[in-house]
Amino acid sequence: MMQHDTRHPRDRGSVLILALVLTTVLSLIVIGLARYTMTGLATSDVSTDRTERTAAATAGVYFVIEQLSSAPPPAARPTRSWRRRSFPARSRWRSRAPRSPPPSRPPSTN
């Protein structure tokens, strides 16, 4: 025997609408997760760069401290005031005479 379809004719397209709604909701969730992931990746890149710069600065500070601690004691090296008195520094601005203005051109006759 054949069975009769007990659904109403107006219910026939309801599965299609339900599938479209579920697809839309799932795609919105996936888009949100993708944006969240991209933001996390960008933040980790910035954090990595910052950590590398901080490590480089710290290494530079330790390098300078090591250089200063292995330098000869201050009594063994000349001081700035000694160098200034014995060998005056010449700067290019002080050692040159003031410049005179360029010579003026005679008026041209055309």
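Up top is the structure.
This section reports on the structure supplied with the text. (Residues numbered from 1 in each chain as written. Predicted model: local features only at pLDDT ≥ 70, side-chain atom pairs only at ≥ 80, totals over all residues. Heavy atoms only, no water.)

1. Quick notes on the overall build of the chain
Inclusion rule: We count a stretch as a helix when DSSP gives it H or I for four or more residues in a row; a strand needs E for two or more, and each element gets its number in order from the N terminus. Type-normalised accessible area, obtained with a 1.4 Å probe on protein chains alone, sets the label of each residue: buried when under 20%, exposed when over 50%, and partly exposed for intermediate values. Using a 1.4 Å probe, the Shrake-Rupley method yields the accessible areas, and only the shown protein chains count as cover for residues.
Along its length, the chain carries three helices and zero strands. Overall, the chain shows an N-to-C arrangement of helices and strands of α-α-α. With 110 residues in all, the chain has 0% of them scored as buried. For the chain, the accessible area works out to roughly 11700 Å², and carbon and sulfur atoms hold 63% of it.

2. Describing a nonpolar patch on the surface
Our working definition: Here a patch means residues that are over 30% exposed by relative accessible area and free of salt bridges, tied together within 9 Å if like-charged and within 5 Å if nonpolar (Val, Leu, Ile, Met, Phe, Trp, Tyr). Take a side-chain nitrogen of Lys or Arg and a carboxyl oxygen of Asp or Glu: if they are within 4 Å of each other, that pair is a salt bridge.
Taken together, Ile-17, Val-21, Val-25, Leu-26, Ile-29 and Leu-33 make up a surface patch of nonpolar side chains, about 560 Å² in accessible area. Relative to the assigned elements, Leu-26 resides in helix H1 (residues 14-69).

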